[in-house]
Amino acid sequence: MQKYRVGVLGATGAVGQKFVELLDGHPWFEVVALAASERSAGKKYIDAVNWIGATPIPEKIADQTVVLANPEEVDADFVFSGVDASVALEMEMAFAQAGMPVISNTRNYRMEPTVPLLVPEVNPEHLALIDRQAYSDHGGFIVTNPNCSTVGLVLALLPLQKAFGLEAVHVVTMQALSGAGYPGVPSLDILSNVVPHIGGEEAKMETEPLKLFGTLTEQGIQFADFKISASCNRVSVLDGHTESVSVKLKTAADLAAIKAVFRAFEDPIAHLGLPSSPTPLIKLFEDERFPQPRRHASLGNGMTVSVGRVRADALFDVKFTLLVHNTIRGAAGGAILNAELLVSKGYLKHRI
Ligand code: NAP
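Small disclaimer: the values here were computed from a predicted structure and weren't measured.

Thresholds, definitions, all that
- Counting of residues starts from 1 at the beginning of each chain's written sequence and follows it residue by residue.
- Whole-chain, interface and lining totals are the exception, using all residues; otherwise, since this is a predicted model, local features are given only for residues with pLDDT of at least 70 and side-chain atom pairs are given and counted only at 80 or more.
- Working from all heavy atoms in the structure, the side-chain values ignore hydrogens and water.
- For every element, the axis is a line fit to its C-alpha atoms; helices are fit only across the contacting stretch, and the angle between N-to-C directions ranges from 0 to 180 degrees.
- Working definition: helices are DSSP H or I runs of at least four residues, strands are E runs of at least two. Numbering for both runs from the N terminus.
- Should an angle fall under 35 degrees it is called roughly parallel, over 145 degrees roughly antiparallel, and 65 to 115 degrees roughly perpendicular, with every other angle called oblique.
- For a crossing to be left-handed, the near helix must be turned anticlockwise from the far one by less than a right angle; the clockwise case is right-handed.
- In what follows, residue pairs with any heavy atoms lying within 4.5 Å of each other are defined as contacts.
- Residues are sorted three ways: Asp, Glu, Lys and Arg are charged, Ala, Val, Leu, Ile, Met, Phe, Trp, Tyr, Cys and Pro are nonpolar, and all the rest, Gly among them, are polar.
- Here a residue counts as near a molecule or strand whenever at least one of its heavy atoms sits within 4 Å of it.
- For the purposes of these results, a polar contact is taken to be a pair of N or O atoms within 3.5 Å, where, inside protein, one atom must be able to donate a hydrogen and its partner to accept one; residues adjacent in sequence count only when each atom of the pair is a side-chain atom.
- Accessibility throughout is a Shrake-Rupley quantity obtained with a 1.4 Å probe, and a residue counts as covered only by protein chains that appear here.
- Marked domain ranges trace back to an automatic or database domain assignment.
- Here the term buried applies to any residue with accessible area under 20% of the maximum for its type, exposed to any over 50%, and partly exposed to those in between, with areas from a 1.4 Å probe on protein chains only.
- Expected span of a helix: the number of residues minus one, times 1.5 Å.
- The term bend refers to the angle at a residue between two fitted axes, each drawn through seven residues, those ending there and those starting there.
- By the convention used here, strands pair only if DSSP detects at least 2 bridges between them.
- A simple way to read buried area is as the amount of 1.4 Å-probe accessible surface that goes missing from two parts once joined, with both sides added.

Asker: For this particular structure, what's the right way to read the packing of helix 5 (residues 148-164) against helix 8 (residues 255-264)?
Answerer: Helices that pack against each other are described as a pair by the angle of their axes relative to one another and the distance between those axes. Two elements in contact, helix 5 and helix 8, have axes whose closest approach is 9 Å; the angle formed by their N-to-C orientations is 120 degrees. The pairing of helix 5 with helix 8 is recorded here as oblique in orientation. Judged by the sense of rotation from one axis to the other, the crossing of helix 5 with helix 8 is right-handed. Here Ala156, Pro159, Leu160, Ala163 and Phe164 of helix 5 lie close against helix 8, whose contacting residues are Ala257, Ile258, Val261 and Phe262. Of the residues assigned to the contact of helix 5 with helix 8, the class counts are 9 nonpolar, no polar and no charged.

Now the structure itself:
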């Protein structure tokens, strides 16, 4: 396959760097444009970026010159966006209106009625919304991925939602520091500490799953009708959001049936053979001590969601613990999987 030429908006940021790292050697995509603010534009990437990755900057990327993040400067088939949310609204729209698909990580367009909020295994049919975007005639569109904690939650709920339906979900998160970008939370705020507030996070977790599990209709997405209550905490962990989840099912089921559903669950898009699809999609632990972020966040190259401690709940039907890699499945890796699905469904084209 001729590789797609890809631009990264916000390439110098924490999420942008993860895009650069994960796209190195990608079989379908090649990074040809690194875009950021005027602070970075004109510099070599290696000089503009404060690289925080665990591996060195890919050789082909280090000497590329950073350009301004506008459609005139970025010559690519499509762009991944990891820009600061404060500038994403106008910038992403400018790219879409200029005829360039935008695969975004930012929150700005997630709840926009014609923009798919996408997790490929959960709601691939929502891609049909693209044709309802005003600028799609010129080839431009916006597709978003959810908040990093939401991705793990909806993937872990997916087997239960399919088998029994969902009535109510209560979730308490323990979120890693890398989710706050760089330099993120000051060390004196978080060492030996837990911060019981992450701005805007609870509202996102209480609404985004309802769109993701929503039904595509002529009028748009009809949101799912179950209730979610979320409490979000920042903890002193580098990578990997852990979530304690209690679920009330629409159709009651006993613990054995619930465990059997988790065990038997198969990745609904495995047949597409997308390069970033993990095996397994959901890793079910029987060992009571697991999952743990330091040991399991990188399973499936950071794309697997781990579930453990599945047990009866005194208030609802079942409770369990999940773990999701926040900067891979929850950000750049999730967006790359979205782009792979778009390729397989024929939405991404090579621009001449
Ligand atoms: P970050 O480290 O602060 O990076 C921000 C990026 O935006 C930098 O590349 C910066 O370029 C660029 N930028 C800022 N102002 C700009 C402008 N006026 N024009 C062009 N580029 C501009 O932030 P981050 O943690 O990577 O997060 C990026 C986005 O992803 C945010 O919207 C965030 O909410 C979302 N997100 C983050 C995570 C996570 O785990 N961190 C997860 C999911 C979603 P310069 O270096 O040139 O300033």
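Continuing now.
Asker: Explanation requested: the site of the ligand in the structure shown.
Answerer: Contacts to the ligand come from 26 residues, most closely from Thr12, Val15, Ser37, Arg39 and Ser40. Within the backbone of Gly10, an N or O atom sits 3.1 Å from an oxygen atom of the ligand. Asp84 is positioned with one of its backbone polar atoms (N or O) 3.2 Å from an oxygen atom of the ligand. Bound to the protein, the ligand loses 79% of the 910 Å² it would expose on its own. It is helix 4 (residues 85-97) that provides the largest number of residues to the shell around the ligand, a total of 3 residues. Looking at the shell around the ligand residue by residue, the classes come out as 10 nonpolar, 14 polar and 2 charged. Each of domain 1 (4-147 + 332-344) and domain 2 (148-326) accounts for three or more of the residues forming the shell around the ligand.

Asker: Would you take a moment to explain the environment of Lys319 for this structure?
Answerer: Relative to the elements of secondary structure, Lys319 occurs in strand 14 (residues 318-324). Taking the relative accessible area as the measure of exposure, Lys319 reaches 27% and is therefore partly exposed. With 33 residues separating them along the chain, Lys319 and Glu286 place their C-alpha atoms 14 Å apart. For Lys319, the residues in contact, after removing those within four places along its chain, are Val245, Ser246, Arg309, Val310, Arg311, Ala312 and Asp313.

Asker: Honestly, helix 10 (residues 328-344) in this entry has me stumped. Any pointers?
Answerer: Helical geometry note: an α-helix holds 3.6 residues per turn, so side chains three or four residues apart project in the same direction. The terminal C-alpha atoms of helix 10, which comprises 17 residues, lie only 21 Å apart, well short of the 24 Å expected from a rise of 1.5 Å per residue. If you look at helix 10, its biggest bend is around 50 degrees, right at Gly334. Burial within helix 10 is extensive, with 16 of its 17 residues counted as buried. Residue Gly346 follows helix 10 closely and has a positive phi angle near 80 degrees.

Asker: Is there a simple way to explain the sheet that holds strand 2 (residues 29-36) in this structure?
Answerer: Remark on secondary structure: sheet strands pair via backbone hydrogen bonds, oriented parallel or antiparallel. If you walk across this open sheet you meet the 6 strands as 3-2-1-4-5-6, and the pairing is parallel. Looking at the sheet topology across the chains shown, the edges are occupied by strand 3 (67-68) and strand 6 (142-144). Across 4 bridges, strand 1 (residues 4-9) lies against strand 4 (residues 78-81) in parallel orientation. Each residue of the ladder has a partner; that of Gly7, found in strand 4, is Val79. Lying on the sheet, helix 1 (residues 14-23) is in contact with strand 1, strand 2 and strand 4; it crosses strand 1 at an angle near 155 degrees. Relative to the sheet, helix 4 contacts strand 1, strand 4, strand 5 (102-104) and strand 6, its axis offset from that of strand 5 by approximately 150 degrees.

Asker: How should I be thinking about the domain arrangement of the protein chain in this particular structure?
Answerer: How large an interface is tends to be reported as the accessible area lost when its parts come together. Segmentation of the protein chain into domains returns domain 1 (4-147 + 332-344) and domain 2 (148-326). Each of domain 1 and domain 2 was reduced to a C-alpha centroid, and the two centroids are 24 Å apart. Each partner contributes residues to the interface: domain 1 has 32 residues there, and domain 2 has 36 residues. Carbon and sulfur atoms make up 68% of the area that domain 1 and domain 2 hide from each other, which totals about 2700 Å². Of all residues in domain 1, the largest losses of buried area upon contact with domain 2 belong to Glu121, Val122 and Asn147, amounting jointly to 28% of the total for that side.

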